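For reference, the chains in residue letters:
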Amino acid sequence: MTSKKIRAAVRVSILFITAFLFVQCGTSKISSSISGVIQNVNPDEAKVIPLPVYDKPTGNTFTLTSTSKIYVEPATDEIINIGNYLKEKLSASTGYPLSVVTAIKDSSLENILLTTENADSSLGDEGYKLIISKDLITLQAYKPAGLFRGIQTLRQLFPVSIESASKMPGPWEIATRIIIDHPRYKWRGAMLDVARHFFSVSDVEKYIDLLAYYKINIFHIHLSDDQGWRIMINSWPNLAKYGGSTSIDGDAGGYYTQKDFSDIVAYAKARYMTVVPEIDMPSHTNAALASYAELNCDGKARSLYTGDDVGFCSLCVDSPETYNFLDDVIKELAAITPGPYIHVGGDEAKTLPIPKYDYFVEKVEKIVHKYGKQMIGWEEISNADLTPGTISQFWVNDSLALKAVKDGIKLIMSPAPKIYLDMKYDASTKLGQDWAGYINVKTSYDWDPAELVKGITDKNIIGVEAPVWTETLKTLSDVEYMAFPRIVCSAEIGWTPAAKKNWNDFEYRLLVQQERWDVMKINYYKIPDKRLN
Ligand code: ACM
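Caption draft 1: Region of the structure containing the state of the cysteines. According to the stated counting rule, one finds 1 disulfide in the structure shown. Bridging Cys297 to Cys316, the disulfide has an S-S length of 2.1 Å. Residues Cys297 and Cys316 are joined through a disulfide that is right-handed, its torsion about the S-S bond being 100°. Taken as a pair, Cys297 in the loop between α7 (286–291) and α8 (320–335) and Cys316 in the loop between α7 and α8 lie far apart in primary sequence, 19 residues in all. Under the relative-accessibility criterion, Cys297 is labelled exposed at 60%. The class of Cys316 is buried, set by a relative accessible area of 7%. This cysteine, Cys313, is not joined by any disulfide, and Cys297 carries the nearest cysteine sulfur, 11 Å off.

Here it is, written out as C-alpha cells:
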C-alpha cells in the first residue's frame with residue numbers, strides 16, 4: 001500500500017467505526033457470562049486497567065512480527081519520542097527492531113500507526129481511539145498525551161510476557177477491537193514520602209514508570225518532614241546537608257541535588273506526568289528547625305529526629321525570618337518545577353493556635369503566588385481564607401472538606417481509610433500502619449470520590465491521589481508491596497466512568513495484572529486466584 005492508500009484506508013475505517021459506534025454505544029453492556037468463579041465478567045473484554053470507556057472486540061487477530069514498524073505522524077520530535085518509547089517497551093521481549101518511521105511509504109502489514117492527525121477534539125487532552133484491525137493498529141489522539149495513554153492500553157493488550165526484559169517466544173497477538181477512551185478526572189495522582197525514608201533517583205524513576213502504566217498523571221513528592229529534608233536549597237544548604245542526613249529509625253538519609261530533582265521532573269514529563277513538590281510546613285519541620293537555629297522561636301536549633309511522632313514542632317510563625325526563609329525555599333523550588341503547583345503541606349500543626357495557623361497559611365499562599373505557582377495544601381489549609389485556585393487535599397476531616405467547598409476551593413480526594421497505601425491490608429501485614437484501619441483490595445476499589453462525603457460532588461473534585469507514607473517502608477520493594485495492587489484501584493477510580501466500575505470484573509482483570517507484575521519482577525500483595533478454583 002502507498003502512503004496515500006494507508007491514510008485513506010485509516011480514514012475510511014475511522015469513519016466506518018464512528019458510524020458503527022453511533023449505533024452500538026447505547027446498547028453495549030458488560031455481559032453477565034461466568035468466567036471461572038468470578039461473576040459478571042465478559043470473556044471478550046480487554047483485561048486492561050483502568051477499564052476503557054468503550055471497548056468492542058471485532059473477532060479477528062492482529063500479529064506483531066519481526067518486520068512490523070511504528071509509523072508516527074506528524075513527525076514532530078514529541079511524537080517521534082513517543083514512538084521510541086513504544087519501541088523500547090516492545091522490543092526487548094519481542095526481539096523485533098520495530099523501527100520508528102516518519103514517512104509512510106512501506107507496503108508491509110502488521111504495523112502500528114501513532115497519529116494526532118484528523119483527530120476528534122472531543123477526545124480531549126488525554127483521550128485516544130485505538131483501532132486494532134487484522135492488518136494495522138491505529139492509535140489516534142487529539143494530543144500527544146493521549147497517544148501516550150493509549151500506548152499503555154496497547155501494552156496491556158499484548159500477552160503478559162511482552163513486559164519481559166529479555167527475549168520471549170511470542171506469538172505477539174492481540175484480539176482485534178475498537179477502544180475509545182478518556183479519563184474521568186484530570187488529576188490522577190500518586191504521592192511518595194521520601195522524607196521518612198529516602199529513595200534514590202532510580203527508585204523514584206522506577207516507581208514513576210509503574211505509575212505511568214496505569215495512566216497516573218501526577219507525581220506528588222513529599223520532600224521534607226521532621227525526619228529529613230530531601231532537596232538542596234542553595235541559599236540554605238544545611239537543610240539538605242544536615243537536615244537530610246537522617247531517616248526514621250536512624251536509617252541512612254540522603255537528598256536530591258537540584259539536578260537530581262530536574263532529572264526526576266524530566267523523567268516524569270516524558271511520561272506525561274506532572275511533578276508536584278511538597279515542602280511540609282509550618283509543622284513537620286523538625287529537620288529544618290535542627291538545621292537553622294534562627295527558624296526556632298527560642299533561637300535554639302532542635303536535635304535531629306528519627307522517631308515517628310507528628311505535629312510536635314512548628315516554624316516560628318511570628319518571625320519575619322521565617323517568611324524570608326520560605327521565600328527563598330519557594331523561589332528555588334518554583335524555579336526547578338515546570339508544573340503549575342507547589343504543595344505546602346499544612347497538616348497536623350498541633351502546637352499552633354488556629355488564628356496563627358491561618359495567618360501563616362495566608363502569608364505562604366502569597367509567596368507561592370509571587371513565584372507564579374498555584375498552592376496546594378492538606379485539608380487543614382481550608383480553615384484559612386484561601387484564594388480561588390488554591391487546592392485542598394482531603395485526607396480525613398469531612399468538615400474541613402465541606403468548608404473548602406463552601407469557599408469555592410477544589411479538592412483532591414485522598415481519604416485515608418480508602419487510599420492511604422501505607423495502611424496494612426489486614427492484621428497479618430508486616431509492613432505499614434493501621435491508624436486509618438486495614439485497607440483490603442476490595443475496600444480500596446469499592447468507593448466513589450463523589451459519593452464519599454455528603455455535599456461533595458464531582459463539580460468540587462479535581463481528582464484522586466494515593467499517598468504512600470514511608471515511616472515503616474525502607475526500600476522500593478516495601479513501597480511496591482504496599483502500593484500494588486491498591487494504586488491500581490485508585491488509577492481505575494480516577495480514570496474509568498463510575499457506572500462502568502465493577503469489583504468482580506476488576507478482580508478478574510487484576511489477576512492478569514498480577515501475571516504482568518511477575519514478569520516485571522515487582523513486589524506486590526497477591527490476591528487469591530479464584531480462576532483456579
Ligand atoms: C497526613 O496524612 N498527615 C496528610
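There's plenty left to go through after this.
Caption draft 2: Up close: the nonpolar core. Within the largest apolar cluster, 148 residues are counted, with the highest numbers of intra-cluster contacts made by Tyr207, Phe219, Trp229, Phe484 and Ile487. Counting 8 residues, the second-largest nonpolar core is a separate cluster that includes Trp187, Ile218, Val276 and Ile391.

Caption draft 3: Representation of the side chain of Thr246 in the model. By secondary structure assignment, the location of Thr246 is in the loop between α5 (238–241) and α6 (258–269). A polar side-chain atom of Thr246 sits 2.9 Å from the main-chain carbonyl oxygen of Gln227. If sequence neighbours within four positions are ignored, Thr246 has contacts with Gln227, Gly228, Arg230, Asp251, Ala252, Gly253, Leu304, Tyr305 and Thr306.

Caption draft 4: Quick peek at the pairing of strand β15 (residues 391–394). Residues Ile391 and Gln393 line one face of β15 and the alternating positions Ser392 and Phe394 line the opposite face, and both faces are buried. In terms of strand pairing, strand β14 (residues 374–378) meets β15 through 3 bridges, oriented parallel. Bridged to Trp378 within β15 is Gln393. Summarising the sheet, β15 and strand β16 (residues 410–413) pair through 4 bridges and their orientation is parallel.

Caption draft 5: Up close: helix α15 (residues 503–520). The end-to-end C-alpha distance of α15 is 24 Å, a good match for the 26 Å that 18 residues give at a rise of 1.5 Å each. Among the 18 residues in α15, 14 count as buried, and that is most of the element. Measuring from the backbone nitrogen of Asn504 back to the side-chain oxygen at the start of α15 gives 3.0 Å, which picks out Asn502 as the cap. At the exit of α15 stands Lys521, carrying a positive phi of roughly 60°.

Caption draft 6: Highlighting the environment of Gly189. With respect to the helices and strands, the residue Gly189 is situated in strand β8 (residues 187–193). Note: C-alpha distance between Gly189 and Asn60 (129 residues apart in sequence) is 36 Å. In contact with Gly189, other than residues within four places in its own chain, are Ile216, Ile218, Val464, Glu465 and Ala466.

Caption draft 7: Spatial organisation of the sheet that holds β16. Taken together, the 8 strands give a closed barrel; going around it, the order is β8-β9-β12-β13-β14-β15-β16-β17, and neighbouring strands pair in parallel fashion. Averaged over neighbouring strand pairs, the angle between their axes works out to 30° when direction is ignored. Direction of pairing for β8 relative to strand β9 (residues 218–222): parallel, over a ladder of 5 bridges. Bridging across to β9, Asp193 finds its partner in His222. Helix-sheet contacts for helix α14 (residues 486–495) involve β8 and β17 (461–468), and the interaxial angle to β17 is about 175°.

Caption draft 8: Examining the packing of aromatic side chains more closely. Taken as a whole, this structure holds 26 aromatic pairs when the rule is applied. Here Trp187 and Tyr341 contribute two aromatic rings whose centre-to-centre distance is 5.0 Å and whose plane-to-plane angle is 70°, an arrangement assigned as edge-to-face. Separated by 154 residues along the polypeptide, Trp187 in strand β8 and Tyr341 in strand β13 (residues 341–345) bring together distant segments of the chain. In this structure, Trp187 and Tyr341 share a single accessibility class: buried. Consider the rings of Tyr323 and Phe360, whose centres lie 6.0 Å apart with planes at 45°: the pair is tilted. Of this pair, Tyr323 sits in helix α8 while Phe360 is found in helix α9 (residues 354–370), placing the two residues 37 residues apart along the sequence. Under the relative-accessibility criterion, Tyr323 is labelled buried at 9%. An aromatic cluster is built from Tyr213, Tyr214, Phe484, Trp517 and Tyr524, whose rings are joined through pairwise contacts. Between the NZ or CZ atom of Arg271 and the centre of the ring of Tyr267, over which it lies, the distance is 3.6 Å.

Caption draft 9: Representation of the sheet that holds strand β4 (residues 111–115). Spatially, β1-β7-β5-β6-β4-β2-β3 is the arrangement adopted by the 7 strands of the open sheet, whose pairing is mixed. Pairing within the sheet leaves two strands with one partner each, and these edge strands are β1 (54–64) and β3 (100–101). In terms of strand pairing, β1 meets strand β7 (residues 172–181) through 8 bridges, oriented antiparallel. In the sheet register, Phe62 faces β7, and the bridge partner there is Ile174. Sitting on the sheet, helix α2 (residues 77–94) touches β1, β2 (70–73), β3, β4 and β7, and the angle it makes with β2 is about 170°.

Conventions and cut-offs
Every chain's residues receive numbers from 1 upward, in the order its sequence appears when written. Per-residue local features are limited, in this predicted model, to residues with pLDDT of at least 70; the limit for side-chain atom pairs, both in listing and counting, is 80 or more; totals at the level of whole chains, interfaces and linings are taken over all residues. With hydrogens and water stripped out, all remaining heavy atoms of the structure feed into the side-chain values. Two cysteine sulfur atoms form a disulfide, by the criterion used here, when they sit within 2.5 Å. Runs of H or I in DSSP of at least four residues are treated as helices and runs of E of at least two as strands, each being numbered from the N terminus. Exposed residues in this analysis have more than 50% of their type's maximum accessible area, buried residues have under 20%, and partly exposed residues fall in between, with area computed by a 1.4 Å probe over protein chains only. Grouping buried Ala, Val, Leu, Ile, Met, Phe, Trp, Tyr and Cys residues that are joined through side-chain atoms within 4.5 Å yields what is termed a nonpolar core. For the purposes of these results, a polar contact is taken to be a pair of N or O atoms within 3.5 Å, where, inside protein, one atom must be able to donate a hydrogen and its partner to accept one; residues adjacent in sequence count only when each atom of the pair is a side-chain atom. Throughout, a contact is declared for two residues whenever any of their heavy atoms are within 4.5 Å. Strands are treated as partners if at least two bridges between them are detected by DSSP. Expected helix span is given by 1.5 Å per residue-to-residue step, counting one fewer step than there are residues. Lines fitted to C-alpha atoms define the axes here, with helix axes fitted over just the stretch in contact, and angles between the N-to-C directions of these axes take values from 0 to 180 degrees. Within 6.5 Å between ring centres, the rings of Phe, Tyr and Trp (the latter by its six-membered ring) count as paired, and their orientation is classed by plane angle as stacked under 30 degrees, edge-to-face over 60, tilted in between. To sit over a ring, a charge needs its Lys NZ or Arg CZ within 6 Å of the ring centre and within 35 degrees of the ring normal.

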